[in-house]
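An overview of the molecular structure
So the chains spell out like this:
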Amino acid sequence: MRSPQPDSATTPEASFGVEAARRRLPELLERAAAGERIVIRRHRTPMAALVPLAGQAPTDPSLRQRQVQSLMGLQGSGRGCWDPNQRHPARPAPAAPAFVQPVQHLGPPGEAQRQRAFNPRLLAHGSRIALDSTALVAFLADAKGAGKHLEPLLQGIAAGYWIGVVSSVSLIRVLEGPLACGDEALAQRYTKAFENPVHWQLVPADAAIAAAAVRLRRQEPQLDDSAAIELATAIQAGAAVLVTDHPALAQTGQHPVLSALRV
């Protein structure tokens, strides 16, 4: 027996070109599962649609809203939006302190070839986790499989187990990708994902953050302005750790860091 088709008069609908749909397929599948009807167009002509298998949107509107706005549903949605040549170059930095740990690291002697992920259970319930722009962009662009390593942390934030901390500098960088591609809808999705204060704390770069960033740069000259603001934001917000893909930040001795460097 065929499932009933969704009622176009009551089911939210969005349309995408073939290339945009290919690039954002994981996101669109999540949106369709949450009850949205996604129309795929070729040269402005409707060709196909992604619809929920049940044919209807979830009965709980708040559940659907959380699904649509969750950052987890946006993994890989920004592939090709950011210039890969704009990565921060490695700079001279002191040896990493003991509390700097990689999100992905090699196993103990004898298991050197087996990769192990950082154990999120080391972070207490209610902890604040700061993610800088490099880590967020790596997740949204799914650069070299970054999503697999950052997924446990972001799942914990999405579930309300931890609170994510994002600086205004990070949000600028995150929005820069889709806006550079002319994708206003994706930029809006990113904005909405960080608007829920239950899951995310958006920290503006005020005078206190600026002053702290200047002091950090004097202590660690290898930090550029953006990196210093990211680090100052994590410290000011009381974050337990800062997750970063920036080589200099991954080596800082000023704050506990989880390095997302995929080397």
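These numbers come from a predicted model, not from an experiment.

1. A short note on the overall build of the protein
If you tally the helices and strands in the protein, you get nine helices and 11 strands. When the accessible area of the protein is evaluated, it comes to approximately 13700 Å², of which 55% is carbon and sulfur surface.

2. Some thoughts on the nonpolar core
Ranked by internal contacts, the top residues of the largest apolar core, which has 32 residues, are Leu71, Ile129 and Leu154. Put simply, the parts of the chain that give this core at least two residues each are strand S7 (128-131), helix H4 (133-141), helix H5 (146-158), helix H6 (168-180), helix H7 (184-193) and strand S10 (241-244). Broken down by element, the residue count for this core peaks at six residues, all from H4. Within the second largest apolar cluster, 21 residues are counted, among which are Ile209, Leu216, Ala227 and Ala234.

3. Re the pattern of salt bridges
Under the definition given, this model contains four salt bridges. For the salt bridge of Asp225 with Arg217, the shortest nitrogen-to-oxygen distance reads 2.8 Å.

4. Concerning the environment of His255
Among the structural elements, His255 can be located in the loop between S10 and strand S11 (257-259). Residue classification places His255 among the buried positions, given a relative accessible area of 8%. Sequence-wise, His255 and Leu231 are 24 residues apart; in three dimensions their C-alpha atoms are separated by 7.7 Å. At a separation of 3.0 Å, a polar atom in the side chain of His255 contacts the main-chain carbonyl oxygen of Ala239.

5. Thoughts on the packing of aromatic side chains
Summed over the entire model, instances satisfying the criterion amount to three aromatic pairs. Aromatic pair Trp82 and Tyr190: ring centres 6.4 Å apart, planes at 10°, arrangement stacked. Linking Trp82 in the loop between helix H3 (61-69) and strand S4 (100-102) with Tyr190 in helix H7, this pair joins segments that are 108 residues apart in sequence. The class of Tyr190 is buried, set by a relative accessible area of 0%. Relative to Trp200, the ring of Phe194 has its centre 4.9 Å away and its plane inclined at 75°; by these criteria the two rings are edge-to-face.

6. Structural notes on the packing of H4 against H5
Where H4 contacts H5, the two axes come as close as 9 Å, and the packing angle between them is 115°. In this view, H4 runs roughly perpendicular relative to H5, as classed from their interaxial angle. Handedness of the crossing formed by H4 with H5: left-handed. Within the contact between the two elements, H4 uses Ala135, Ala138 and Phe139 and H5 uses Ala146, Gly147, Leu150 and Leu154. Broken down by class, the residue content of the contact of H4 with H5 amounts to six nonpolar, one polar and no charged.

7. Concerning the environment of Ala143
Note on placement: Ala143 falls in the loop between H4 and H5. Between the C-alpha atom of Ala143 and that of Arg79, which follows or precedes it by 64 residues, the distance is 7.9 Å.

8. Regarding H4
Helical geometry note: an α-helix holds 3.6 residues per turn, so side chains three or four residues apart project in the same direction. Buried residues dominate H4, accounting for nine of its nine residues. Looking only at H4, the buried set comprises Ser133, Thr134, Ala135, Leu136, Val137, Ala138, Phe139, Leu140 and Ala141. Asp142 lies just past H4 and shows a positive phi near 50°.

9. Re the pairing of strand S1 (residues 13-17)
Residues of S1 alternate between two faces, with Ala14 and Phe16 buried on one and Glu13, Ser15 and Gly17 left unburied on the opposite face. Here five bridges tie S1 to strand S2 (residues 37-42), and the two strands are oriented parallel to one another. Note on S2: the bridge partner recorded for Ser15 is Val39.

10. A look at the packing of helix H8 (residues 207-219) against helix H9 (residues 225-236)
Two elements in contact, H8 and H9, have axes separated by 8 Å at closest approach and are oriented at 115°. As for the relative orientation of H8 and H9, their crossing is right-handed in sense. Within the contact between the two elements, H8 uses Ala208, Ile209, Ala212, Ala213, Leu216 and Arg217 and H9 uses Asp225, Ala228, Ile229, Leu231, Ala232, Thr233, Ile235 and Gln236. Residues that form the contact of H8 with H9 fall into these classes: 10 nonpolar, two polar and two charged.

11. Considerations on the sheet that holds strand S3 (residues 45-50)
In spatial order, the strands read S1-S2-S3; together these three strands make up an open sheet with mixed pairing. Every interior strand has two partners, whereas the edge strands, S1 and S3, have only one. Strand-to-strand twist across the sheet, computed as the mean angle between neighbouring axes with direction ignored, equals 30°.

Basis of the calculations
- Residues numbered from 1 in each chain as written.
- Predicted model: local features only at pLDDT ≥ 70, side-chain atom pairs only at ≥ 80, totals over all residues.
- Heavy atoms only, no water.
- Helix = DSSP H or I, 4+ residues; strand = E, 2+ residues; numbered from the N terminus.
- Areas by Shrake-Rupley, 256 points an atom, 1.4 Å probe, with all protein chains shown as cover.
- Core = buried A, V, L, I, M, F, W, Y, C linked by side-chain atoms within 4.5 Å.
- Buried < 20%, exposed > 50% of the residue type's maximum accessible area, 1.4 Å probe, protein only.
- Salt bridge = Lys/Arg side-chain N within 4 Å of Asp/Glu carboxyl O.
- Polar contact = N/O pair within 3.5 Å; in protein donor to acceptor, adjacent residues only side chain to side chain.
- Phe/Tyr/Trp six-rings, centres within 6.5 Å; stacked < 30°, edge-to-face > 60°.
- Axes fitted to C-alpha atoms, helices over the stretch in contact; angles between N-to-C directions.
- Parallel < 35°, antiparallel > 145°, perpendicular 65-115°, else oblique.
- Left-handed = near helix turned anticlockwise from the far one by under 90°.
- Contact = heavy atoms within 4.5 Å.
- Nonpolar A, V, L, I, M, F, W, Y, C, P; charged D, E, K, R; others polar.
- Pairing = 2+ DSSP bridges.

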